[in-house]
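What the coordinates show
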Amino acid sequence: MKPKGRSVILSLVLLVSGFLISFSYQQTKSEPEMVQLNDSQWEKEYFYQQQLLDMEERNKQLRDELKSKREEIQGYENEWADREQVVVDFVERKKKLQMLAGEIPIQGEGVQVTLSDAAYIPEEDQANQYIVHESHIHKVLNELLSAGAKAVAINGQRYMKDSYIACTGPVITVDGVQHPAPFVISAIGDSDVLSSSLKLTRGVLDQLGNENVEVEITEEQRIEMDARLSTEG
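Residues numbered from 1 in each chain as written. Predicted model: local features only at pLDDT ≥ 70, side-chain atom pairs only at ≥ 80, totals over all residues. Heavy atoms only, no water.

Here the focus is the sheet that holds strand 1 (residues 106-116). Here five strands make up an open sheet; going across it, the order is 3-2-7-1-8 and the pairing antiparallel. Every other strand in the sheet has two partners, leaving strand 3 (157-159) and strand 8 (214-225) as the edge strands with one partner each. Recorded for the sheet is a direction-independent mean angle of 25 degrees between the axes of neighbouring strands. Bridge analysis of strand 2 (residues 151-154) against strand 3 gives three bridges, and the strand direction is antiparallel. Within strand 3, the position partnered with Ile154 by the bridge is Gln157. Helix 3 (residues 134-146) rests against strand 1, strand 2, strand 3 and strand 7 (183-188) of the sheet, and its axis sits at about 10 degrees to strand 7. The strands touched by helix 4 (residues 191-198) within the sheet are strand 1, strand 7 and strand 8, with strand 1 carrying the most contacts at an inclination of about 20 degrees. (Pairing = 2+ DSSP bridges. Helix = DSSP H or I, 4+ residues; strand = E, 2+ residues; numbered from the N terminus. Axes fitted to C-alpha atoms, helices over the stretch in contact; angles between N-to-C directions. Contact = heavy atoms within 4.5 Å.)

Moving on, we come to unusual backbone geometry. Following Ala181, the chain continues into Pro182 via a peptide bond in cis, with omega recorded as 0 degrees. Mapped onto the fold, Pro182 is located in the loop between strand 6 (177-180) and strand 7. With phi around 50 degrees, Asp175 is a residue other than glycine that occupies positive phi space. Among the structural elements, Asp175 can be located in the loop between strand 5 (171-174) and strand 6. You can call Asp175 buried: its relative accessible area is 16%. (Buried < 20%, exposed > 50% of the residue type's maximum accessible area, 1.4 Å probe, protein only.)

Strand pairing in a sheet relies on backbone hydrogen bonds, with the paired strands running either antiparallel or parallel. Across the sheet, which stays open at both edges, the three strands sit in the order 4-5-6 with antiparallel pairing between neighbours. If you trace the sheet from one side to the other, it starts and ends with strand 4 (165-168) and strand 6, each paired once. Mean inter-strand twist for the sheet, computed between neighbouring axes without regard to direction, equals 30 degrees. As paired elements, strand 5 and strand 6 share four bridges and run antiparallel to each other. Among the inter-strand pairings, Val174 is bridged to a residue of strand 6, identified as Val177. Helix 3 contacts strand 4 and strand 5 of the sheet and is inclined by roughly 150 degrees relative to strand 4.

Spelled out as structure tokens, the structure:
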């Protein structure tokens, strides 16, 4: 090769080499520089990370605590609901007992039995044989109570287990209160059962008829009775 040709080739090689070196240098300058953190910046970063972790842990604790409180409150609400139902049941039971004891008025279906003196009294017989006596009233009362009557009354006056009945001629005295004939005995309970028990063959109705007592039985959809009369004072 001639010296002149070698010079041209060498020039081209140097030119290309210079271009490559220049290009590499420019690329190196354009690449992002790595951020170097000093010790103080690292401490701040670590502190903030710890603060964040502590806050997340505290939030978790608060969420767990809130859930626990809600469950506790729900338990109290359920307990109070149960207690409230117990109180309601107790009040209802107390009211029923007071009704049965005659302390408060009572109402319900039942029957009314009217006992009247005989309309006709033969001259040859004694009038005492044709009027209503306390024994007649007791027969009706006992039958009604045995048949399940919840409450009974004589001419509107409540009759209780400790009540007393006395007969003075045509007048009946109930717990010291006098009642003339006719005597209306009211009973609250199953009207069909109460009525049927009185009408049994050779039962109370037949017995009263044989003893010259006129009897009328009616079934009532609603009977109201006042509380028992106070005997105090």
